Amino acid sequence: MADEAVIEETMLRLVNERGSAKTCCPSEVARALGGPHPDGWGPLMQPVRRVAVRLTKEGRVQILRKGKPVADPDDFRGIYRLSLPPG
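Residues numbered from 1 in each chain as written. Predicted model: local features only at pLDDT ≥ 70, side-chain atom pairs only at ≥ 80, totals over all residues. Heavy atoms only, no water.

Under the annotation held in an unreviewed UniProt entry, the chain carries the name DUF3253 domain-containing protein and is attributed to Methylorubrum zatmanii.

Spelled out as structure tokens, the structure:
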């Protein structure tokens, strides 16, 4: 299993590659680390979420739900996307 530093590096690389106008799916981060089979990337989804929450609190990424930033990164549900923060 990938550690948080590797997840962070991969997540930041993917959102930066997309640029400010596009988003990245958290499963893309997990697939980049765990491979294409669900047995490889599936277990990475919760660690990816934890890293996304931390990076959002640090202002380094933005978690979006239905195209809008989440109000509380510690308390959101459902499908989400990742992007660069505004500015």
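What follows continues from the structure just given.
1. Some remarks on helix H1 (residues 4-18)
The end-to-end C-alpha distance of H1, which contains 15 residues, comes to 21 Å, matching closely the 21 Å that a straight helix rising 1.5 Å per residue would cover. All of the buried residues in H1 are Ile7, Glu8, Thr10, Met11, Leu12, Leu14 and Val15. Where H1 is buried, its residues meet helix H2 (26-34), helix H4 (45-57) and strand S3 (81-83). Positioned one or two residues after H1, Gly19 has a phi angle of 85°, which is positive. (Helix = DSSP H or I, 4+ residues; strand = E, 2+ residues; numbered from the N terminus. Expected span 1.5 Å × (residues − 1). Buried < 20%, exposed > 50% of the residue type's maximum accessible area, 1.4 Å probe, protein only. Contact = heavy atoms within 4.5 Å.)

2. Let's talk about the pattern of salt bridges
Side chains carrying opposite charge are able to pair once their charged atoms draw close together. Counting across every chain of the model gives eight salt bridges. The partner of Glu28 in a salt bridge is Arg18, with the nearest N and O atoms 2.4 Å apart. One end of the pair, Glu28, is in helix H2; the other, Arg18, is in helix H1, and ten residues separate them in sequence. With a shortest N-O distance of 2.8 Å, Asp74 and Lys57 are connected by a salt bridge. Taken as a pair, Asp74 in the loop between strand S2 (68-69) and S3 and Lys57 in helix H4 lie far apart in primary sequence, 17 residues in all. Both residues of the pair, Asp74 and Lys57, count as exposed. (Salt bridge = Lys/Arg side-chain N within 4 Å of Asp/Glu carboxyl O.)

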